[in-house]
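Chains, contacts and geometry: an overview
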Amino acid sequence: MLKASKYRIYPTAKQRQHLAQSFGCCRFAWNLALNLTNETYKATGFGLNRFAIQKEIAKLKKEYEWMKEPYSQCLQVVALNLSRAFINFFEGRAAYPQFKSKHRKQSISYPQNVSIVENGMKFPKMGIVYAKLHRPIEGKIKTVTVSMNAKGQYFASVLVDDGKDTPEQSTEGKAIGIDLGLTHFAITSDGSKFDNPRWLRKHERNLKNKQKRLSRRQKGSNNRNKTRKQVAGVHNKISRCREDFHHKLSRRIVNENQVICVEDLAVKNMVKNHCLAKAISQVGWGQFCTMLKYKAEWEGKVYLEVNRFFPSSKTCNVCLNQVKSLPLDVRFWRCKKCQTNHDRDLNAAKNIRDEGLRILSPRTREIAYRPGVSRDSRGRKKSTISHSAG
Ligand SMILES: [Zn+2]
């Protein structure tokens, strides 16, 4: 099974310089290869495959002396990552690959030859970098990705194969449906409501003040640079708090349940609605669902995404009667057919659970028993259990 852990590393000034150059070279190679792929695609209707990209990157090394600075394998990974990014795009899992910017998070990957030593990690061309190994690394190291955030902190994400097989999935046990929302972060079919943490509001004023200060600083000045790092620090704090909240809640849900059903939100599409965009991207449902997925898979539990076109809010969980419209601000409603009073989100969570169980039960797999629910082929494909490890 593959598992990844992230460690903080502390490169020396010389190592930082080497990393800066390597980040730059890999970014240059990525942007150039992406541009070339775009042009080729426009001209022929086909992109470039991994080997064609690799060839182009090899050419760059002959052309520019400074492209010899990074570890050669790091440049090879760029070709692999770019071709994978295109495959993910064409198979509908990811957005179109983007050009990399000097001003965002920087990273490079070492596909081999990194080893763990006492108090550090040994990298090719860079030697030993001091690392805080807060958790033992057990198993064979596959890839190590070194990154630097906007605050100038360095991290190494270590992907390890522990040699064990992924446990077989079983659906025997408690099933839960989760409705993700904005008023509450998550509502489960067993009636728990988890509030959206309020830390953001607390940090928001701080962020606003610092951003205001940043806008007043003169471009290119030392003070501006200092304030920029402070702003990055607040963003950093917010994302770490959010990650911590997601880790704790997903751990709890996976511990207590065997089958976990979540609505496939296609968050990206919802973010395009600019009224909700800020709130949605701040709560981070995507990260939360990813954690639920891998934590469930590690333990042989089932994580399932239910087609988002399935009307989970508008269907009565008791009699399956479907109401025509249910505006977003209606939190409670009464089913006209069976007279049940519903909490909007709790009803949705129960429907998500039942729909998940229906998909899992082999006898009814192909039958949509809810009247008036049409299922397109895309939806059905998306609702299958994913077996990939990660
Ligand atoms: Zn009803």
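Scroll up to find the structure.
Summarised in this report is the structure supplied together with it. (Residues numbered from 1 in each chain as written. Predicted model: local features only at pLDDT ≥ 70, side-chain atom pairs only at ≥ 80, totals over all residues. Heavy atoms only, no water.)

On to the overall build of the protein. Each helix and strand counted, the protein has ten helices and 14 strands in total. Split into buried and exposed, the 390 residues of the protein put 39% on the buried side. Considering only residue pairs separated by 6 or more positions, the protein has 67% of its internal contacts joining residues 24 or more positions apart. When the accessible surface of the protein is totalled, it reaches about 22600 Å², and 51% of it is carbon and sulfur. (Helix = DSSP H or I, 4+ residues; strand = E, 2+ residues; numbered from the N terminus. Buried < 20%, exposed > 50% of the residue type's maximum accessible area, 1.4 Å probe, protein only. Contact = heavy atoms within 4.5 Å. Areas by Shrake-Rupley, 256 points an atom, 1.4 Å probe, with all protein chains shown as cover.)

Here we take up the coordination of the zinc ion. The zinc ion binds to the protein through Cys316 (SG), Cys319 (SG), Cys335 (SG) and Cys338 (SG), with metal-donor distances spanning 2.2 to 2.3 Å. Each donor residue of the zinc ion belongs to the same chain, with the gaps between them written as C-x2-C-x15-C-x2-C. Here Cys319 is found in the loop between strand 12 (302-306) and strand 13 (332-334), whereas its partner Cys338 is found in the loop between strand 13 and strand 14 (341-343), with 19 residues between them in sequence. Assessed through its relative accessible area of 24%, Cys319 is described here as partly exposed. By relative accessible area, Cys338 is classed as partly exposed at 27%. (Donors = N, O, S within 2.8 Å, 3.2 Å for Na, K, Ca; no water.)

Strand order in this open sheet of five strands is 10-9-8-11-12, and the pairing throughout is mixed. The open sheet has two edge strands, strand 10 (193-195) and strand 12, and neither has a second partner. Neighbour-to-neighbour, the strand axes of this sheet turn through a mean angle of 20 degrees, independent of strand direction. (Pairing = 2+ DSSP bridges. Axes fitted to C-alpha atoms, helices over the stretch in contact; angles between N-to-C directions.)

Another point: the packing of helix 5 (residues 222-256) against helix 8 (residues 285-298). Close contact between helix 5 and helix 8 brings their axes to 9 Å; oriented N to C, the two are set at 40 degrees. Classified by the interaxial angle, the pair formed by helix 5 and helix 8 is oblique. With respect to the hand of their crossing, helix 5 and helix 8 are arranged in right-handed fashion. When helix 5 is examined against helix 8, the residues Arg242, Glu243, His246, His247, Leu249, Ser250, Arg251, Ile253 and Val254 are found in contact with a partner set consisting of Gln287, Phe288, Met291, Leu292, Tyr294, Lys295 and Ala296. When the residues that make up the contact of helix 5 with helix 8 are grouped by side-chain class, the tally is eight nonpolar, four polar and four charged. (Parallel < 35°, antiparallel > 145°, perpendicular 65-115°, else oblique. Left-handed = near helix turned anticlockwise from the far one by under 90°. Nonpolar A, V, L, I, M, F, W, Y, C, P; charged D, E, K, R; others polar.)

Here we take up the nonpolar core. One finds Leu19, Ile108, Tyr110, Met121, Phe123 and Val146 to be the most contacted residues of the largest nonpolar core, which totals 36 residues. When residues of this core are assigned to their parent elements, the largest contribution, eight residues, is made by helix 1 (residues 13-44). Those residues within four positions of Met121 in sequence are excluded, and the remaining contacts are Tyr7, Val114, Ser115, Ile116, Gly127, Ile128, Val129, Ala131, Leu133, Ala156 and Val158. Counting residues in each nonpolar core, the second largest holds 19 residues, with Ile176, Leu249, Val254 and Val262 among its members. (Core = buried A, V, L, I, M, F, W, Y, C linked by side-chain atoms within 4.5 Å.)

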